[in-house]
Amino acid sequence: PARDTLVRAQAKFNDVRLDDPPPGPTVGSVVAEKLAQAPFDKIGVERVEAGFSVPLNRVWDRTWSSPVRPLAAEGVPPSPAAVRVFVVEKNAIRPVDLASGASSWHYDMGTEPEWVGYLGDRVMVASSSRVVALDLGGRLKWQYPADATRAARPVANPFSPAGGVPGAAADRRDPPIGRLHGFRVVGGRLFCQRGDQELIALDGETGGVDWAYAPANGGINENLWVGLKRVVLQLAEPETLVVLDTDTGRRREFPRSAKDKADEPAEPWARPPLPIDDDHVCIDIDPRTVALLDLTTGKRSWTSSVTTPSLPRNGPPRILGDSNRLLVVYEGNELIRVNPATGRQLWSRSLGLEDLSGAPDAFALDGDRFYCATGATLTALNLNDGEPLWTRALLGPPEGWSLALSERYVTAYPSPTRSTDGPLDGLSLVVCRRDDGVLVQRFSFPASVSQLTVRLLSRGALVATQGGVWVLGEPKVVDGPRPPR
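The model shown is predicted, which means the values in this text are computed figures rather than measured ones.

So, how was this worked out
Residues numbered from 1 in each chain as written. Predicted model: local features only at pLDDT ≥ 70, side-chain atom pairs only at ≥ 80, totals over all residues. Heavy atoms only, no water. Helix = DSSP H or I, 4+ residues; strand = E, 2+ residues; numbered from the N terminus. Buried < 20%, exposed > 50% of the residue type's maximum accessible area, 1.4 Å probe, protein only. Contact = heavy atoms within 4.5 Å. Areas by Shrake-Rupley, 256 points an atom, 1.4 Å probe, with all protein chains shown as cover. Pairing = 2+ DSSP bridges. Axes fitted to C-alpha atoms, helices over the stretch in contact; angles between N-to-C directions. Salt bridge = Lys/Arg side-chain N within 4 Å of Asp/Glu carboxyl O. Polar contact = N/O pair within 3.5 Å; in protein donor to acceptor, adjacent residues only side chain to side chain. Phe/Tyr/Trp six-rings, centres within 6.5 Å; stacked < 30°, edge-to-face > 60°. Lys NZ or Arg CZ within 6 Å of the ring centre and 35° of its normal. Arc of directions from axis to C-beta. pLDDT = per-residue confidence, 0-100.

A. Focus on the overall build of the protein. Of the regular secondary structure elements, the protein holds four helices and 38 strands. Residues counted as buried form 47% of the 485 residues belonging to the protein. At a minimum sequence separation of 6, the contacts of the protein that also span at least 24 residues come to 44%. Surface accessibility of the protein: about 23,200 Å² in total, with carbon and sulfur atoms responsible for 52%.

Below, the structure written as structure tokens:
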């Protein structure tokens, strides 16, 4: 969290000069000096793009004795050598060591793990009914709920005809706690939703509930956003925008008036809000419209719509970018750049025929380029005017490719979850230069792939499937600090 704050300060006040003592340094230079020192230099590699050099070698590989499900860890690992990928086998989860692929521990959740992430030096593992915090050796530190059997215990009803005798027909049971989902680490807390009725903030140190929010009526739209300062969510009935303080859970509610509803009925958000700055988020209103919400008033600062000759056929708009670069993908294949301050459309560009509305991993964005894998083609567009800078044909499946950026390269690989023909017969990993699209390396993994996780490392990449794991790295080094050049 401290590093996140420093990075935000550098982004917003880079050229501001401090005057104590005069003439003082700029905010940018002070932040840069601090980020180069411990402990920030240890975690900085996870907050910036991986900076490996090519060619990469196959350092080692490992085959599982039975099929597993790989899970990439979210959050910031506590060290460059920390585990990036875990594997799930039935109800147990275990780490994949970067140096050898071995697992030094395993933990049985009792139910199938669905999510894993880091919070400080602890591994958070979550299923639909339980959350546990483990130390780096796999030892339990806390669990939520503290008593996982509570919902299954019979509770005597003193007003029943049976006189409150446990086990009688009139006894009741505690209601189930609701399915846990929507896990995310923000600051020092783990946030999750319980059913569609409650948002919970768990303290990362103790597992206690710092605060919880449950509306009096209706449910919470699962497409919400949790930031360091604010939580933004939507209630269905009554239709209400809710803004919560991330630290305390204190709320402000902005119900839509009857007139607003009559003039423009709103649909539930189909995507999580995209933060633009501390006081504004961008949301999808309907399949043709996006809007900028002012979190201090609950009003729309602007709306931006597109007109189409027919009813929308594909998924809802997908919004990407930030306060400097705001992009909207309509109909899964029409890219429009929007002015974040006014909502005015600056340019538009067709991305091809493939419907990418449900494929956020098909896009990547850097300072001046937008990268897209559509069909079997990788394209880089200039953010200034939307014109193509280069294109590269991808050898492999005709569609369903995913992208990942490193410092100098864009990596493309097919996603088995988007394959219309079932599991992939083989896996291709393509590495191209970001500046001109030149192919610099291509890997082929001759294995059937139904589950896939790819993580770029500071000195290579890790590829994990249901059948095995491969580590690619610079010669003699898989990951860790770079030697001086």
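Picking up after the structure, the text goes on.
B. Focus on the sheet that holds strand β14 (residues 198-203). If you walk across this open sheet you meet the four strands as β12-β13-β14-β15, and the pairing is antiparallel. Both outer strands of the open sheet, β12 (180-186) and β15 (209-213), are each paired with one neighbouring strand and no more. Across the sheet, the axes of successive neighbouring strands diverge by a mean angle of 20°, strand direction being ignored. In this sheet, β15 lies alongside β14 in antiparallel orientation, the contact comprising four bridges.

C. Looking closely at the sheet that holds strand β35 (residues 439-445). Across the sheet, which stays open at both edges, the four strands sit in the order β32-β33-β34-β35 with antiparallel pairing between neighbours. Across the chains shown, the open sheet's two edge strands, defined by having one partner strand only, are β32 (401-405) and β35. Between one strand axis and the next, the sheet turns by 20° as a mean value, whatever way the strands run. In terms of strand pairing, β32 meets strand β33 (residues 409-414) through five bridges, oriented antiparallel. Its bridge partner being in β33, A404 is matched across the sheet by T411.

D. Region of the structure containing the pairing of β14. The buried fraction of β14 is high, at six of six residues. Burial along β14 is two-sided: the residues E198, I200 and L202 and L199, A201 and D203 are all buried. In this sheet, β14 lies alongside strand β13 (residues 189-194) in antiparallel orientation, the contact comprising six bridges. Paired with Q193 across the strands is L199, a residue of β14.

E. Focus on the pattern of salt bridges. Counted according to the given criterion, the structure contains 19 salt bridges. Between R122 and E205 there is a salt bridge, with its nearest N and O atoms 3.7 Å apart. Residue R122 is found in strand β7 (residues 122-126), and its partner E205 is found in the loop between β14 and β15; the two are separated by 83 residues along the sequence. Classification of E205 as exposed rests on a relative accessible area of 55%.

F. How the structure looks around the environment of Y330. Inspection of the secondary structure assignment puts Y330 in strand β25 (residues 326-330). Given a relative accessible area of 2%, Y330 falls into the buried group. In sequence terms Y330 and I319 are 11 residues apart; their C-alpha atoms lie 8.9 Å from each other. Setting aside residues up to four positions removed in sequence, Y330 forms contacts with P287, R288, T289, V290, S304, V306, P317 and I336. Polar contacts involving the side chain of Y330 include one to the main-chain carbonyl oxygen of S304, which spans 3.4 Å.

G. The packing of aromatic side chains, seen in detail. For the structure on display, the rule yields nine aromatic pairs. Seen in terms of ring centroids, Y371 and W390 are 6.3 Å apart; in terms of plane orientation they differ by 50°. Their pairing is tilted. Placement of the pair is Y371 in strand β29 (residues 369-374) and W390 in strand β31 (residues 388-393), with a sequence separation of 19 residues. Relative accessible area serves as the criterion here: at 7%, W390 is assigned to the buried category. We note R58 situated over the ring of F445; from NZ or CZ to the ring centre the distance is 4.7 Å. One Lys or Arg, R94, reaches over the ring of W64 and ends 5.2 Å from the middle of that ring.

H. View of helix α2 (residues 27-35). Here α2 has its buried residues at V27, G28, V31 and L35. Projection of α2 onto a plane perpendicular to its axis shows the buried side chains occupying an angular sector of 95°, all on one side.

I. Expanded view of the confidence of the model for the protein. For the protein, the average pLDDT comes to 86, and 86% of its residues sit at 70 or higher. Ignoring residues within four places in sequence, the model shows residues 44-48, a span with pLDDT below 50, making 10 contacts including any to other chains. A low-confidence stretch, residues 481-485 (pLDDT under 50), is modelled with 12 contacts involving residues beyond four sequence positions or located in other chains.

J. Representation of unusual backbone geometry in the model. Cis peptide bonds are those with omega within 30 degrees of zero, and the linkage from V54 to P55 qualifies with 5°. Relative to the elements of secondary structure, P55 occurs in the loop between α3 (40-47) and β1 (57-63). Each neighbour pair has its own omega, and for Y144 with P145 the value is -5°, a cis peptide bond. With respect to the element layout, P145 can be found in the loop between β9 (140-144) and β10 (154-155). The phi angle at K90 is positive, at roughly 60°, despite the residue not being glycine. Topologically, K90 is positioned in the loop between β3 (85-89) and β4 (92-95). On the basis of relative accessibility, which here comes to 74%, the residue K90 falls in the exposed class. A positive phi angle, near 55°, is found at E331, a position not held by glycine.

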